[in-house]
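Structure assessment
Take a look at the letters that make up each chain.
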Amino acid sequence: MSATQLEMHAQSMSELAAGLARGDFTSVELTQSLLDRIAQLDEKLNAFITVTAEPALAAAARADKARAAGDGGVLNGLPIIHKDIFCTRGVKTTCGSKMLNNFIAPYDATVVEKLADAGAVVLGKSNMDEFAMGSSNETSFFGPVSNPWDLARSPGGSSGGSAAAVAARLAPAATGTDTGGSIRQPAAMTGTVGIKPTYGRISRYGMIAFASSLDQAGVISRTAEDAARLLGVMAGFDERDSTSIDRPVPDYLGGLKESIKGLRVGIVRQHFDEGLDKACGDRVKEAIAVLESLGATTVEVDLPNLDLSVPTYYVVAPAECSSNLSRFDGVRFGHRAENAEDLLDLYCRSRGEGFGDEVKRRIMTGTYVLSAGYYDAYYLKAQQVRHLIADDFKQAFAAVDVIVGPTAPSPAFKLGDKIDDPITMYLNDIYTIGANLAGLPAMSIPCGFVDELPVGLHMVGAHFAEENLLRCAHKYQQATDWHTACPADFL
Amino acid sequence: MSLSKDQVQHIAMLARLKLSEDEYAESVEKLSRIVDFVDQLSRADTVGVIPMAHPLDTAQRLRPDVVVETDERDRYQENAAAVSDGLYLVPKVIE
């Protein structure tokens, strides 16, 4: 094995693409080396629910053949992992739940189809909080995922498996989904890059629904450049998703070249209140100083209803979840209780047995806020407050191009620390939830360490201003090297 | 506001969830705390504010009502626990 092969796992997708083009290694060699690494290291992390070794090697062989013939898509032969929320035809798709432990997806999600058409090689399906409901990956039926920076700590959630695998160099990038912070918070906790684009930018077809007005697919990678590359493939109109936006996809990769001179960066005063760990706040302020040194100007902005974003979310998201998850009835697919007495017993026991604690809690919260006599006080009220929050952002974006701040209030917490207290867990998403409520694109990038644990810088843009986020992130990564740091056990 | 066990039982029935006795006790405690938490919303002044119906403030797209799906019943039924002659089986509904 040559020296370049030894270091394949450490390379970004862009570097791997160059290596493949030069003929330093083949896609089959690259895929096999990462599969070996997964076999060797994932027992420490539990980042995978399913490893798809055979189809991956077959796809890699096809990619090598295409390359030799001068063909192949923009991701030809490049490895990726899918969060196990995306339906993958013929492959178990569990959404982290016992409910779908036996579910073989009969079709591909649009995201899966697009990445496959571009030539990507899928190494497997990553672990996640059950039905994406959680911020620590501890609600998964398949057990918690460990953070590669400290195995006793959570990688965040719900896309914790994707984030842990990318941080541990088991793959250069992975797909994720983000309903309240589920891409960005795990990215921050694991020192990776995570982007959730504008609502409707990427198709939700075949992505198992949690809260449909908030859910959005995105990317976890190690560089902003790779995020741009993948987003360009994943974004775009899809008639199979009724909320997909019909709007041209810009050249995200090409857009990285421009400078951020004159870019107006908004700082939210409330972000640095007592809820934020002081050392994390210092890292974020240092990162803002770097952006200033690159030519960005900072402006203070106000988001007066920010503190209401978490309670708003915990009405809207459970309401939509209770409706979406009513499809799991034990009849057409999913877990089915044995020896049911009658149809009602079949429904109640299949659901009682198939769902975990947090999912049941959210279904019940949603059922309550939508029930007769409570709808106006909770659901309607929350949708009104949601409008206020969205208007706050609209006003802020009249004066700035990007809003920056912390992604999470603290670095990665210990597994077991917050799982018994739903409210403390929910408050972990205080900085990220606003972007989902308002449908805005947002991103987290690594910006330093506190006690040897990564800290994330959060950036939010106006609707469809993903290019500003990616450019800002790329320029920051050219000026700093936090994103190249690798956890010691996974060098 | 604290929820009663009766209320939680009613919610669980509406949600078609069978819970164990332990789960009921825990749900009463935790759901009460969640309801208390979201009660913060009541202090927001929302007089005259239109409830948000779409994150991008646009209307839902419509499509022509034409058949686009092909019949893949057999493949879809591979995921069902009990089928017979192309039908999904459930416990007897009519006595």
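Summarised in this report is the structure supplied together with it. It should be emphasised that the depicted structure is a prediction, and the values quoted were computed from it without experimental measurement. (Residues numbered from 1 in each chain as written. Chains lettered and ligands numbered in written order. Predicted model: local features only at pLDDT ≥ 70, side-chain atom pairs only at ≥ 80, totals over all residues. Heavy atoms only, no water.)

**As for the pattern of salt bridges**
Selection criterion: For this analysis, a salt bridge means a side-chain nitrogen from Lys or Arg found within 4 Å of a carboxyl oxygen belonging to Asp or Glu. Under the scheme applied here, a residue whose accessible area is under 20% of the maximum for its type counts as buried, over 50% as exposed, and between as partly exposed, the area being computed with a 1.4 Å probe on protein chains only.
Summed over all chains, the structure comprises 26 salt bridges over all chains. Between A:Asp150 and A:Arg153 there is a salt bridge, with the nearest N and O atoms lying 2.9 Å from each other. For A:Asp150, a relative accessible area of 26% corresponds to the partly exposed category. A relative accessible area of 18% means that A:Arg153 is categorised as buried. As a salt-bridge pair, A:Asp238 and A:Arg240 come within 3.4 Å of each other at their nearest N and O atoms. Overall, the relative accessible area of 7% leaves A:Asp238 in the buried class. Residue A:Arg240 is classed as partly exposed on the basis of its relative accessible area of 38%. In this structure, a network of salt bridges that share partners links the residues A:Glu358, A:Arg361, A:Arg362, B:Glu26 and B:Lys30.

**Some thoughts on helix α3 (residues 27-45) of chain A**
Residues and elements named next belong to chain A. For clarity, the threshold we go by: To qualify as a helix, a DSSP run of H or I must reach at least 4 residues; to qualify as a strand, a run of E must reach at least 2; elements of each kind are numbered from the N terminus. A helix is expected to span 1.5 Å for every residue after the first. The angle between axes fitted to the seven-residue stretch ending at a residue and the seven-residue stretch beginning at it gives the bend at that residue. By definition, residues are in contact when any of their heavy atoms lie within 4.5 Å.
An ideal rise of 1.5 Å per residue puts 27 Å on 19 residues; α3 measures up with 25 Å between its terminal C-alpha atoms. Largest kink in α3: about 40 degrees, centred on Ala-39. By the burial criterion, the buried members of α3 are Ser-27, Leu-30, Thr-31, Ser-33, Leu-34, Leu-35, Arg-37, Ile-38, Leu-41, Asp-42 and Leu-45. The inward-facing, buried residues of α3 contact α2 (13-22), β1 (48-51), α4 (53-68), β2 (79-83), β3 (121-126) and α6 (160-167). Following α3 by one or two positions, Asn-46 adopts a phi angle in the positive range, close to 65 degrees.

**Here we look at the environment of A:His463**
To keep things clear, this is the line we draw: What qualifies as a polar contact is a pair of N or O atoms within 3.5 Å, subject to a donor-acceptor requirement within protein and to the restriction that residues adjacent in sequence count only when both atoms come from side chains.
Position of A:His463 among the secondary structure elements: in the loop between β11 (453-461) and α17 (466-479). Along the backbone, A:His463 and A:Tyr199 are 264 residues apart, and their C-alpha atoms lie at a distance of 8.2 Å. Setting aside residues no more than four positions away along its own chain, A:His463 makes contact with A:Thr198, A:Ala438, A:Gly439, A:Leu440, A:Pro441, B:Pro55 and B:Leu56. Among the polar contacts made by the side chain of A:His463, one reaches the main-chain carbonyl oxygen of A:Ala438 at a distance of 2.8 Å.

**Thoughts on the interface of chain A and chain B**
Put simply, the test is: Accessible area that two parts lose when put together, evaluated with a 1.4 Å probe and summed over both, is termed the buried area.
In this assembly, 73 residues from chain A lie in contact with 51 residues from chain B. Counting each side, the surface lost to burial between chain A and chain B is near 5400 Å², with a carbon and sulfur contribution of 66%. Interface area lost by chain A to chain B is led by A:Met364, A:Tyr368 and A:His387, which between them contribute 13%. Our enumeration of links across chain A and chain B arrives at 4 salt bridges. With a closest N to O distance of 2.8 Å, A:Asp421 and B:Arg33 form a salt bridge. Linking chain A with chain B are 21 residue pairs in polar contact (both at pLDDT 80 or more), by the criterion used here. Put simply, the parts of the chain that give the side of chain A that touches chain B at least two residues each are α11 (309-324), α12 (343-354), α13 (357-370), α14 (376-396), α15 (422-426) and α16 (433-438) of chain A.

**Looking at the nonpolar core**
The condition that has to hold: Only buried residues count toward a nonpolar core, which is a set of Ala, Val, Leu, Ile, Met, Phe, Trp, Tyr and Cys residues joined through side-chain atoms within 4.5 Å.
Membership of the largest hydrophobic core comes to 163 residues, with the highest contact counts inside it found for A:Phe131 and A:Met443. Those residues within four positions of A:Met443 in sequence are excluded, and the remaining contacts are A:Arg184, A:Val193, A:Gly194, A:Ile195, A:Ala224, A:Leu457, A:His458, A:Met459, A:Leu469, A:Leu470 and A:Ala473.

**Thoughts on the packing of α13(A) against helix α2 (residues 21-38) of chain B**
Helices that pack against each other are described as a pair by the angle of their axes relative to one another and the distance between those axes. The condition that has to hold: Where helices are involved, their axes are fitted lines through C-alpha atoms of the stretch in contact, as for all axes, and angles between N-to-C directions lie from 0 to 180°. Here is the rule for angles: anything less than 35 degrees is roughly parallel, anything more than 145 is roughly antiparallel, 65 through 115 is roughly perpendicular, and the remaining ranges are oblique. When the near helix sits turned anticlockwise from the far one by under a right angle, the crossing is termed left-handed; a clockwise turn instead gives a right-handed crossing. For this classification, Asp, Glu, Lys and Arg are treated as charged, while Ala, Val, Leu, Ile, Met, Phe, Trp, Tyr, Cys and Pro are nonpolar and the rest, including Gly, are polar.
Remark: α13(A) packs on α2(B), axes separated minimally by 11 Å, with the N-to-C direction vectors making an angle of 55 degrees. Between α13(A) and α2(B), the interaxial angle falls into the category oblique. In terms of crossing hand, the pair formed by α13(A) and α2(B) is right-handed. For the pair α13(A) and α2(B), the contacting residues are A:Asp357, A:Lys360, A:Arg361, A:Met364, A:Thr365 and A:Tyr368 in the first and B:Glu23, B:Glu26, B:Ser27, B:Lys30, B:Leu31, B:Ile34 and B:Val35 in the second. When the residues that make up the contact of α13(A) with α2(B) are grouped by side-chain class, the tally is 5 nonpolar, 2 polar and 6 charged.

**Considering the side chain of A:Arg471**
All names here are of chain A. For the record, the criterion: This count recognises Lys and Arg as positive and Asp and Glu as negative, with His and chain-terminal groups excluded.
Inspection of the secondary structure assignment puts Arg-471 in helix α17. No salt bridge forms around the buried Arg-471; measuring N to O, its nearest opposite-charge neighbour Glu-258 is 4.4 Å away. Among residues more than four places away in sequence, those in contact with Arg-471 are Gly-255, Leu-256, Glu-258, Ser-259, Ile-260 and Leu-263.

**Looking at the packing of aromatic side chains**
Residues and elements named next belong to chain A. Heads up, the condition is: Centres within 6.5 Å make a pair out of two Phe, Tyr or Trp rings, where for Trp the six-membered ring is used; the pair is then stacked when the planes are under 30 degrees apart, edge-to-face when over 60, and tilted otherwise. A ring is scored as having a charge over it whenever the NZ atom of a lysine or the CZ atom of an arginine sits within 6 Å of its centre and within 35 degrees of its normal.
Tallying each qualifying case throughout the model produces 16 aromatic pairs over all chains. Members of the aromatic cluster, joined through ring pairs, are Phe-103, Phe-131, Phe-328, Phe-333 and Phe-355. The residue whose ring lies beneath Lys-44 is Phe-490, and the NZ or CZ to ring-centre distance is 5.4 Å.

**A few points about the packing of α13(A) against helix α1 (residues 5-14) of chain B**
Here α13(A) crosses α1(B) at 100 degrees, and the two axes come no closer than 9 Å. Compared by their axis directions, α13(A) and α1(B) come out roughly perpendicular. Contact residues: A:Met364, A:Thr367 and A:Tyr368 in α13(A); B:Gln7, B:Ile11, B:Ala12 and B:Leu14 in α1(B). Split into classes, the residues belonging to the contact of α13(A) with α1(B) amount to 5 nonpolar, 2 polar and no charged.

**Structural notes on a nonpolar patch on the surface**
Residue and element names in this part refer to chain B. The test is simple: Only residues whose relative accessible area exceeds 30% and that form no salt bridge are eligible for patches; like-charged ones are grouped when within 9 Å, while nonpolar side chains (Val, Leu, Ile, Met, Phe, Trp, Tyr) are grouped when within 5 Å. Accessible areas in this description were obtained via Shrake-Rupley with a 1.4 Å probe; residue shielding takes into account the shown protein chains only.
A grouping of Tyr-76, Val-83 and Tyr-88 is seen on the molecular surface, where their side chains present a nonpolar patch of about 230 Å² in accessible area. Relative to the helices and strands, Tyr-76 resides in helix α3 (residues 73-77). Classification of Tyr-76 by relative accessible area gives partly exposed; the value is 33%.

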